[in-house]
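# Descriptive analysis of the structure
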Amino acid sequence: MTSATSRAQQSVPFSRPVVAPETGPAVERVLRSGWLTTGPECAAFEEELAAWLEVPHAVTVASCTAAIEIAFRGLRLPRDAKVLVPAVTFCGAVEAVRHAGLVPVVADVEPDTGTVSPRTCAAAAREAGGVQAMLALHFAGYPADVAALAEAAGLTLDQVVEDAAHALGTRVGAELVGGLSRATCFSFYATKNLPIGEGGALTTRDEEVAAQARVTRLHGMTSDAWRRYLPGGSWQYSVEEAGVKANLSDVHAAIGRAQLRHLDAWQVRRHQIAGRYAAGLADVPGLVLPTDPETGEHAWHLYVVRVTPESGVTRDDLSRLLAERGIGTSVHFIPLHHFPHFRDICVVPSGGLPGADAVFAETLSLPLHQGLADEDVDIVVDALHELAPGTTSTMNRYQEALP
Ligand SMILES: *Cc1c(COP(=O)(O)O)cnc(C)c1O
């Protein structure tokens with residue numbers, strides 16, 4: 001059996017992209033339009049996305065990873081300037097920092113939240129002799145207090161780039177993630193909250209940051225092809241510094257526009273699923289559930305639990321046993337210092353990253369996507385009740401608590 005067929009046979013896949021019915025006709029329209037690369041659809045998607053995020057500027061790009069690299073290049077820091085990054089994040093985000101010519105300085109995560117805190121940011125920045133910028137992550141969609149993290153690292157918000165790959169719909173306090181810092185980077189990868197397949201966007205309140213990102217995303221050319229071919233357009237352009245090739249195609253933008261119309265409903269569904277997990281899993285021994293933030297809003301990109309020893313099962317065994325029942329899970333993320341490449345290129349605190357190591361041993365992401373039915377959630381909940389029986393001591397505690 002190939003891995004593709006075994007995935008297809010999973011009764012509850014970890015993730016499956018939902019594609020809105022309007023997507024097909026939208027793609028068809030672009031394919032017939034005579035314009036396939038970055039053009040009017042990207043411009044329209046940028047406007048609609050900016051409106052949804054309540055931010056003045058959105059710049060479409062090929063991926064969130066590209067958006068992060070473009071955002072850091074835009075800071076124009078000296079080569080090998082230091083950038084604070086979380087120990088538990090996606091490898092590509094940190095590769096982007098390196099591709100921008102900068103050195104990642106790793107901040108540990110708190111074992112109870114799995115995210116960096118002002119304490120760990122301040123400690124990592126201090127040991128590195130100061131940092132010039134920061135990549136902040138809203139892990140799983142949980143709002144990070146970006147202002148507090150920046151302050152702890154001795155930075156202003158203009159020196160912060162947000163990795164919002166999980167945070168489409170996250171609110172920090174009353175404010176949607178998208179305009180809190182210098183630049184915010186979103187992903188439209190197949191598993192993310194707004195799936196296009198591939199794609200990303202950089203959003204900002206700063207007109208200059210947006211203008212510069214438009215130039216950097218297409219080889220550093222000061223005028224893109226669509227503008228040059230517009231009536232009255234000129235073939236002229238300049239290149240003043242190196243850019244990257246990371247523009248989005250109009251075909252992708254058309255998919256994004258069709259999908260965006262469903263995003264509000266999809267976010268409601270994600271909240272419902274998280275609520276159903278919370279209610280169903282509350283009494284599974286040793287399973288620590290994610291919480292709703294006290295202020296702001298969770299985007300519920302991931303539902304990440306911790307499988308503690310009191311569950312009576314290890315994370316690895318639980319993941320395997322769930323897979324045998326056709327339930328897909330994942331681990332977000334393997335900490336950076338577990339990879340040879342990042343041990344090579346990153347500054348890691350001398351005391352190691354004990355918070356990240358502790359979280360990594362126990363973390364497990366359950367299926368969460370907008371297409372999940374209540375029955376799917378219940379299959380996962382029932383399986384976890386069976387497979388995490390608790391230890392003798394948790395069983396005793398449970399029985400003592402019975403009436
Ligand atoms: C998915 C993801 C990215 C990368 O997104 P791409 O659009 O695939 O480049 C970056 N950071 C985090 C935390 C992610 O989960």
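Residues numbered from 1 in each chain as written. Predicted model: local features only at pLDDT ≥ 70, side-chain atom pairs only at ≥ 80, totals over all residues. Heavy atoms only, no water.

Just so we agree on the cut-off: UniProt positions are given in the numbering used here, feature names are shortened, and annotations may be inferred rather than shown by experiment.
An unreviewed UniProt entry annotates the protein chain as DegT/DnrJ/EryC1/StrS family aminotransferase originating from Nocardioides iriomotensis. Of the comments in the UniProt record for the protein chain, the one headed Cofactor (unreviewed entry) reads "pyridoxal 5'-phosphate". Its UniProt record gives the protein chain the following Sequence similarities (unreviewed entry) comment, quoted word for word: "Belongs to the DegT/DnrJ/EryC1 family."

### Considerations on the overall build of the protein chain
Selection rule: Numbering of helices and strands starts at the N terminus; helices are DSSP runs of H or I of at least 4 residues and strands are runs of E of at least 2. C-alpha atoms define the radius of gyration in this analysis, and the globule rule sets the expected value at 2.2 Å times the number of residues to the power 0.38. Whether two residues touch is decided by their heavy atoms; if any such pair falls within 4.5 Å, the residues are in contact. Using a 1.4 Å probe, the Shrake-Rupley method yields the accessible areas, and only the shown protein chains count as cover for residues.
Regarding its fold elements, the protein chain presents 16 helices and 12 strands. Against the globule reference of 22 Å for 403 residues, the protein chain gives a C-alpha radius of gyration of 22 Å, in line with a compact fold. By its C-alpha atoms, the protein chain is 80 × 55 × 45 Å across when sized along the principal axes. A fraction of 71% describes how many contacts in the protein chain between residues 6 or more apart in sequence connect residues 24 or more apart. On the protein chain, roughly 17,500 Å² of surface is accessible, and the fraction owed to carbon and sulfur atoms is 55%.

### Describing the packing of helix α2 (residues 23-33) against helix α10 (residues 250-260)
Put simply, the rule is: What counts as an axis is a line fitted to C-alpha atoms, over the stretch in contact for a helix, and the angles between N-to-C directions run from 0 to 180 degrees. Note on angle classes: values under 35 degrees are labelled roughly parallel, values over 145 roughly antiparallel, values of 65 to 115 roughly perpendicular, and the remainder oblique. Left-handed is the label given to a crossing in which the near helix is rotated counterclockwise from the far helix by less than a right angle, and right-handed is the label when the rotation is clockwise.
Where α2 meets α10, the axes come as close as 9 Å, and the angle between the chain directions of the two elements is 150°. If you check the angle between α2 and α10, you find them roughly antiparallel. Crossing handedness for the pair α2 and α10: right-handed. Contacts from Thr23, Ala26, Val27, Arg29, Val30 and Leu31 in α2 reach Asp250, Val251, Ala254, Ile255, Arg257, Ala258 and Gln259 in α10.

### Quick look at the packing of aromatic side chains
Put simply, the rule reads: Ring pairs are drawn from Phe, Tyr and Trp, using the six-membered ring of Trp, whenever the two centres fall within 6.5 Å, and their geometry is named by plane angle: stacked under 30 degrees, edge-to-face over 60, tilted for the rest. We count a charge as sitting over a ring when the NZ of a lysine or the CZ of an arginine lies within 6 Å of the ring centre and within 35 degrees of the ring normal.
On inspection of all chains with the given rule, the structure shows seven aromatic pairs. Aromatic side chains tryptophan 35 and tyrosine 229 sit 6.2 Å apart centroid to centroid with 65° between the ring planes, which places their arrangement in the edge-to-face category. A residue pair is termed long-range when its members are at least 10 positions apart, and tryptophan 35 in the loop between α2 and α3 (40-53) and tyrosine 229 in helix α9 (residues 225-229) qualify at 194 residues. The ring centre of phenylalanine 360 lies 5.2 Å from the NZ or CZ of arginine 315, which sits over that ring.

### A few points about the site of the ligand
Going by this rule: If even one non-hydrogen atom of a residue comes within 4 Å of a molecule or strand, that residue is called near it. Side-chain atoms alone can form a polar contact between residues adjacent in sequence; in general such a contact is a pair of N or O atoms within 3.5 Å, and within protein one must be able to donate a hydrogen while the other accepts it.
With respect to spatial proximity, 14 residues lie near the ligand, and among them Thr65, Asp163, His166, Ser187 and Lys192 are the closest. One nitrogen or oxygen atom from the side chain of aspartate 163 is found 2.7 Å from a nitrogen atom belonging to the ligand. Histidine 166 places a polar side-chain atom, nitrogen or oxygen, 2.7 Å from an oxygen atom of the ligand.

### A closer look at the UniProt feature "active site" (unreviewed entry) in the protein chain
What counts here: Throughout, exposure labels follow a simple rule: accessible area from a 1.4 Å probe, protein chains only, divided by the maximum for the residue type, with under 20% read as buried, over 50% as exposed, and the rest as partly exposed.
Per the UniProt record, "active site" (unreviewed entry) is annotated on Lys192. Relative to the assigned elements, lysine 192 resides in the loop between β8 (183-187) and β9 (200-204). Owing to a relative accessible area of 14%, lysine 192 belongs among the buried residues under this scheme.

### Re the pairing of strand β3 (residues 103-107)
Threshold: For two strands to pair, DSSP has to find at least two bridges joining them.
Of all five residues that make up β3, five are buried, and the element is covered over most of its length. Here β3 shows no split at all, with Val103, Val105 and Ala107 on one side and Pro104 and Val106 on the other all buried. With five bridges joining them, strand β2 (residues 82-86) and β3 adopt parallel strand pairing. Its bridge partner lying in β3, valine 85 is registered against valine 106.

### Looking at the pattern of salt bridges
The following threshold applies: Salt bridge, as applied in this entry: a Lys or Arg side-chain nitrogen positioned within 4 Å of an Asp or Glu carboxyl oxygen.
Within the structure shown, the criterion is met by 22 salt bridges. Linking arginine 320 and aspartate 317 is a salt bridge whose minimum nitrogen-to-oxygen distance equals 3.2 Å. On the criterion of helical spacing, the pair formed by arginine 320 and aspartate 317 is a turn pair, its members being three residues apart in helix α12 (residues 315-324). Given a relative accessible area of 43%, arginine 320 falls into the partly exposed group. By relative accessible area, which is 32% here, aspartate 317 ends up partly exposed. Here glutamate 324 makes a salt bridge to arginine 320, at a shortest N to O gap of 3.3 Å. Taken together, the positions of glutamate 324 and arginine 320, both in helix α12 and four residues apart, correspond to about one turn of that helix. When its relative accessible area of 57% is taken as the criterion, glutamate 324 is described as exposed.

### Brief notes about the nonpolar core
Definition in use: The set of buried Ala, Val, Leu, Ile, Met, Phe, Trp, Tyr and Cys residues whose side-chain atoms join them within 4.5 Å is what this entry labels a nonpolar core. Boundaries between domains were set according to an automatic or database domain assignment.
Of all hydrophobic cores here, the largest spans 98 residues; its most connected members are Phe45, Phe72, Leu84, Met134 and Phe188. Looking at this core, the element that brings in the most residues is helix α4 (residues 64-74), giving seven residues. When residues of this core are assigned to domains, at least three fall in each of domain 1 (22-261) and domain 2 (262-387). Once residues lying within four places of it in the same chain are set aside, the contact partners of phenylalanine 72 are Val83, Val97, Ala100, Leu102, Ala133, Met134, Leu135 and Val161. Listed in part, the 26 residues of the second largest apolar core include Ala274, Tyr277, Leu364 and Leu372.

### A look at the sheet that holds β8
Spatially, seven strands are ordered β1-β9-β8-β5-β4-β2-β3 in an open sheet, and the strand pairing comes out mixed. Of all strands in the sheet, those bounded by a partner on one side alone are β1 (57-61) and β3. If you compare each strand with its neighbour and ignore which way they point, the axes differ by 25° on average. In this structure, β8 lies alongside β9, joined through four bridges in antiparallel fashion. Residue pairing for β9: threonine 184 is matched across the bridge by threonine 203.

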